[in-house]
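Given next are the chains, with one letter for each unit.
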Amino acid sequence: MKVGVAGCGLMGAGIVEVCLKTGHETVVREINDECLERGLARLDKSMEYAVKKGKLTDAEREAARSRLIPTTDLGAFSDCDIVIEAITENREWKSTLWKEIAQHVKPDALLATNTSSIPLSSIAPSTGNPSRFMGLHFMNPVPVMKLVEIVQGIETSDETIAEGRAFVEGLGKTTILAKDTPGFVINVILVPYLCDAVRLLEAGVATKEDIDAGMKLGCGMPMGPITLLDFVGLDTTLSISQVLFEEFGDPRYAAPPLLRRMVESGFMGKKCGRGFYDYTGGGK
Ligand code: CAA
């Protein structure tokens, strides 16, 4: 299958990487040359790391890279069998982009959004083909995490879900299926957990290091919640919590003031060098 990916940020680059590595010719589209170059650098760095870790040979990396079609032109999606949108978690931006994508894709192409919380039904009309539209929620880091959460919108056909599942399994991932509710399965559980960790920090109950050590060593989490927040992105977590709070009105989803202040001050997490921890020296 020929794949189109809109957005080459943290998630988009990871999705492109797994598609390339599993043999798919993949178009990646960014809004301008600067964003495209940054995204490709991210992709190359990750594949370099995979080679260093012995997960990929040099020859496999070269073959994967040769399947990549980088572009700033949405018209390049015209012969793609599936288009996956992986841009910033913003309902208006996603809807606007889908209206543009709809003008270029094949009528039978599979259409997927990597949204982590926004209800599909609020974006679906913009795609012009809601029965072919589904959620494919990849986890970060995409090349490593084994799960993709598939989301079935009100109008998504069963055939679309079956084709989406087959595609994702071909990428070597395991799937779970969720109905179209805000946050689906993963983030309804994960985001309150992350927000609770910030609330503990805010209340001065424990240091960030101790909160992280508590969950990592005490509960076997691969990384503590404050580190995970930096990893996922503070802005992304804030956006998700806002969607959940707006939809459910439940205080456990409300963003802690400290999270808001961090985002307003430009502490977005690892991707920008500073979050709750400092990454400017390369390490944490
Ligand atoms: N390609 C292929 N393999 C890679 C890779 C890459 N680019 N990068 C890392 N790996 C492999 C490594 O080779 C290693 O494999 P082995 O165990 O076989 O040696 C494994 O992945 C772990 O990598 P590292 O040793 O480099 O790093 P680590 O042990 O410190 O683990 C981590 C890093 C995988 C990120 C781990 O800390 C972890 O799982 N953290 C939790 C991540 C998480 O919860 N993600 C979900 C976030 S929620 C989300 O994404 C949804 C949302 O909407 C918010």
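Residues numbered from 1 in each chain as written. Predicted model: local features only at pLDDT ≥ 70, side-chain atom pairs only at ≥ 80, totals over all residues. Heavy atoms only, no water.

A. Region of interest: the pattern of salt bridges. Tallying each qualifying case throughout the model produces 15 salt bridges. Close ionic contact of Glu85 with Lys94 constitutes a salt bridge, the shortest N to O distance being 2.5 Å. Here the two residues Glu85 and Lys94 agree in accessibility, since each one is buried. Members of the salt-bridge network, linked through shared partners, are Glu48, Asp58, Arg61 and Glu62. (Salt bridge = Lys/Arg side-chain N within 4 Å of Asp/Glu carboxyl O. Buried < 20%, exposed > 50% of the residue type's maximum accessible area, 1.4 Å probe, protein only.)

B. Looking closely at helix α9 (residues 225–232). Burial within α9 is extensive, with seven of its eight residues counted as buried. Taken together, the buried positions of α9 are occupied by Pro225, Ile226, Thr227, Leu228, Leu229, Asp230 and Phe231. In this structure, the buried side of α9 is in contact with α1 (10–21), α7 (186–202), α8 (208–219), α10 (234–248) and α11 (257–264). One or two residues past the end of α9 sits Gly233, with phi positive at roughly 110°. (Helix = DSSP H or I, 4+ residues; strand = E, 2+ residues; numbered from the N terminus. Contact = heavy atoms within 4.5 Å.)

C. Inspection of the nonpolar core at higher detail. Counting residues in hydrophobic clusters, the biggest one holds 35 residues, and the most contacted among them are Ile15, Leu136, Phe138 and Phe167. Of all elements in the fold, only β1 (3–6), α1, α2 (33–52), β4 (82–85), β5 (110–113), β6 (133–138), β7 (147–152) and α6 (158–170) reach the threshold of two or more residues within this core. For this core, the element with the highest residue contribution is α1, accounting for seven residues. With residues up to four places along the chain from it excluded, the contact list for Phe167 reads Met1, Val3, Cys19, His24, Ile82, Ile84 and Leu136. Judged by nonpolar contacts, the second largest core, of 21 residues, contains Trp98, Leu120, Ile123 and Val151. (Core = buried A, V, L, I, M, F, W, Y, C linked by side-chain atoms within 4.5 Å.)

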